Amino acid sequence: MLLDEIERVVQESSRKLLQVSVPPVKYWLLVDTLGRDEGDSLLRKTVAECKAYPPRMRLLESMNEDGTWPISRARKAAEDAGPGPPIGWTYATMLQNLQLLEDYVTDREEAHIQAALEKILSWQSEEGYILGPKHDIFPFPQYNGYAVRDLFIYGMEKDLRVKKLADWLLSMQRHDGGWGVPFQQDVKYLPEYRAVRTSDFLQLVRKGETPESDPKGYTDVPSCIWTTLMVIRGLAHSREYRRRREIRRGADFVLDRFFKRNWRHSYYNSEIYWTRIKYPPYPGNGLTALYWLTRLGYGPGDERMEKPIRWLLGARHGDGFWWQSDRPHAQKDQWITGFAVDVLNKYSENK
């Protein structure tokens, strides 16, 4: 019965979305959900429309030759006062805009995309990770997951530098199958540091006055659900890494905690984030989690999936669309609906 309902919903919402969607939403719907191939006339027409899509053109035209984008004067001043990129908004803006350009159907040969990818890799440490964008004290696995995602989607999977970054992420997997932020999400939870203000704690880390952070240690401290999802979201863009046992363990970690409060107080702690939906997709919500779980092959055969899938079906509105949680928005709701029907379609295909 559930699969019958899903089939009906996918057909109805896909039909409505095709009638009103902007070109890139239509493209992904045709390719990912409806399975149209390159010879399809509607798909060819949609690809041409994507190339001329104004938001895509504005992002490409505003790129600097070195692959960065301009940031506000205030953020530039703050960045210049610190250690500089990758610490600051330049790096964060690059990650976000490269993701948007992929949504808008962009190749790495266009504009200065290749320069942007090389710029990101120029910040890579000897250990394989990239610092920032928040500070230069320790690396954030979630942002490194974001970086490897962008590098993979633009076809750099075979680059040894990218492999080194991906392998560093795998090396940071914790005892329970998830990921956490070094120091901030393990050492900070030791009794002697719990009451210390974060800013003061970071200074202690900078001075080397705290114990070492060990991804395989601190077994009484759970990993972070959303950090884990960001890492999976990055690595699963690679066919090679998608098959790794570590990715499956991480996906199980997320699925086992669906709708539950994140133990980490520093990052989307409340369980309400599971049912908040936004575009561009951010890590702390159930739709993003379901998108990657279904991409990794989870379907009706796993009973843990039924409750989240029923939630997604119930979040659909009477017009056949899913809406952004905080404020409905015509175009953003198109993207969200496209993700939702793709999740439901993949779920049913995974039976």
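Anything mentioned here points back to the structure above.
This section reports on the structure supplied with the text. Fair warning: this is a prediction, and the values are worked out from it, not measured in the lab.

**A short note on the overall build of the chain**
Thinking step 1. Within the chain, the secondary structure is distributed over 16 helices and 0 strands.
Thinking step 2. Whereas a compact globule of 351 residues would reach a radius of gyration of roughly 20 Å, the chain reaches 21 Å, a difference of no more than 12%.
Thinking step 3. In terms of overall dimensions, the chain has a C-alpha envelope of 60 × 50 × 40 Å along the principal axes.
Thinking step 4. Sorting the 351 residues of the chain into buried and exposed places 56% on the buried side.
Thinking step 5. For the chain, contacts bridging at least 24 residues in sequence account for 71% of all contacts bridging at least 6.
Thinking step 6. Total accessible area on the chain is roughly 16100 Å²; 49% of this is exposed by carbon and sulfur atoms.
Thinking step 7. Looking at charge distribution, the chain has the averaged site of its 51 positive side-chain charges lying 3 Å from that of its 48 negative ones.

**Let's talk about the environment of Ser125**
Thinking step 1. As for its placement among the helices and strands, Ser125 is situated in the loop between helix H7 (113-122) and helix H8 (141-153).
Thinking step 2. Between the alpha carbons of Ser125 and Glu209 there is a distance of 22 Å; along the sequence they are 84 residues apart.

**Some details on helix H9 (residues 160-171)**
Thinking step 1. Between its first and last C-alpha atoms H9 spans 16 Å; for 12 residues at 1.5 Å apiece the expected length is 16 Å, and the two agree.
Thinking step 2. Elements in contact with the buried residues of H9: H7, H8, helix H11 (225-235), helix H12 (239-242) and helix H13 (245-256).
Thinking step 3. Capping of H9 at its N-terminal end is provided by Asp159; its side-chain oxygen lies 2.8 Å from the backbone amide nitrogen of Arg161.

**Topic: the packing of helix H1 (residues 2-20) against helix H16 (residues 330-349)**
Thinking step 1. Look at H1 against H16: their axes get within 9 Å of each other, and the N-to-C directions meet at 145°. Along this stretch, H1 crosses H16, giving a crossing that reads as left-handed. For the pair H1 and H16, contact is made by Leu2, Leu3, Ile6, Val9, Val10, Ser13, Ser14, Leu17 and Val20 and by Gln334, Thr337, Gly338, Val341, Leu344, Asn345, Tyr347 and Ser348, respectively.
Thinking step 2. Among the residues forming the contact of H1 with H16, the class breakdown is 10 nonpolar, 7 polar and no charged.

**Quick word on the side chain of Glu246**
Thinking step 1. With respect to the secondary-structure elements, Glu246 resides in helix H13.
Thinking step 2. Among all residues touching Glu246, those that are not within four sequence positions of it are Leu170, Gln173 and Trp179.

**Looking at the environment of Thr219**
Thinking step 1. Among the structural elements, Thr219 can be located in the loop between helix H10 (198-206) and H11.
Thinking step 2. Taking relative accessible area as the criterion, Thr219 reaches 54% and is therefore assigned exposed.
Thinking step 3. Spatially, the C-alpha atom of Thr219 lies 9.2 Å from that of Asp186, the residues being 33 residues apart in sequence.

**Focus on a positive patch on the surface**
Thinking step 1. A surface patch of positive charge is lined by Lys158, Arg239, Arg242 and Arg243.
Thinking step 2. Following the sequence through the fold, Arg243 ends up in the loop between H12 and H13.

**Describing the pattern of salt bridges**
Thinking step 1. As enumerated under the stated definition, the model contains 26 salt bridges in all.
Thinking step 2. A salt bridge links Asp200 to Arg197, with the shortest nitrogen-to-oxygen separation between them at 3.1 Å.
Thinking step 3. Residue Asp200 is classed as partly exposed on the basis of its relative accessible area, which comes to 33%.
Thinking step 4. Looking at Arg197, the relative accessible area reads 57%, which means it is exposed.
Thinking step 5. A salt bridge links Arg295 to Asp342; its shortest N-O distance comes to 3.3 Å. With Arg295 in helix H14 (residues 286-295) and Asp342 in helix H16, the pair connects residues that are 47 residues apart, well separated along the chain.

**Overview of helix H6 (residues 89-103)**
Thinking step 1. Over its 15 residues, H6 runs 21 Å from end to end, which matches the ideal 21 Å to within 8%, given 1.5 Å per residue.
Thinking step 2. Most of H6 is tucked away, with 13 of its 15 residues classed as buried.

About the cut-offs
Every chain is numbered independently, its residues counted from 1 as its sequence is written. Per-residue local features are limited, in this predicted model, to residues with pLDDT of at least 70; the limit for side-chain atom pairs, both in listing and counting, is 80 or more; totals at the level of whole chains, interfaces and linings are taken over all residues. Hydrogens and waters are ignored; side-chain quantities use all the structure's heavy atoms. Under the scheme used here, helices are H or I runs from DSSP no shorter than 4 residues and strands are E runs no shorter than 2 residues, and both carry numbers assigned from the N terminus. Atoms counted for the radius of gyration: C-alpha only. Globule rule: 2.2 Å times the number of residues to the power 0.38. For every residue, the accessible area obtained with a 1.4 Å probe (protein chains only) is divided by the maximum for its type, and the residue is called buried under 20%, exposed over 50%, and partly exposed between those limits. Throughout, a residue-residue contact means that at least one pair of heavy atoms, one from each residue, lies within 4.5 Å. Each accessible area is a Shrake-Rupley result for a 1.4 Å probe, and residues are judged covered by the shown protein chains and nothing else. By the counting scheme adopted, Arg and Lys are positive, Glu and Asp are negative, and His together with the chain ends is not counted. Taken as the charge location is NZ of Lys, CZ of Arg, CG of Asp or CD of Glu. Under the convention used throughout, the expected extent of a helix is 1.5 Å for every residue step, that is, one less than its residue count. Here a polar contact is taken to be a pair of N or O atoms separated by no more than 3.5 Å, where protein atoms must pair a possible hydrogen donor with a possible acceptor and residues adjacent in sequence count only if both atoms sit in side chains. Simply put, an axis is a line fit to the C-alpha atoms, just over the touching stretch for a helix, and the angle between two N-to-C directions goes from 0 to 180 degrees. Should the near helix be turned counterclockwise from the far one by less than a right angle, the crossing is left-handed, whereas a clockwise turn marks it as right-handed. Here the nonpolar group is Ala, Val, Leu, Ile, Met, Phe, Trp, Tyr, Cys and Pro; Asp, Glu, Lys and Arg are the charged ones; every other residue, Gly included, is treated as polar. Patch criteria: residues need more than 30% relative accessible area and no salt bridge. Like-charged residues are merged within 9 Å; nonpolar side chains of Val, Leu, Ile, Met, Phe, Trp and Tyr are merged within 5 Å. Every case where a carboxyl oxygen of Asp or Glu lies within 4 Å of a side-chain nitrogen of Lys or Arg is listed as a salt bridge.

What is shown is where atoms sit, not what they do.
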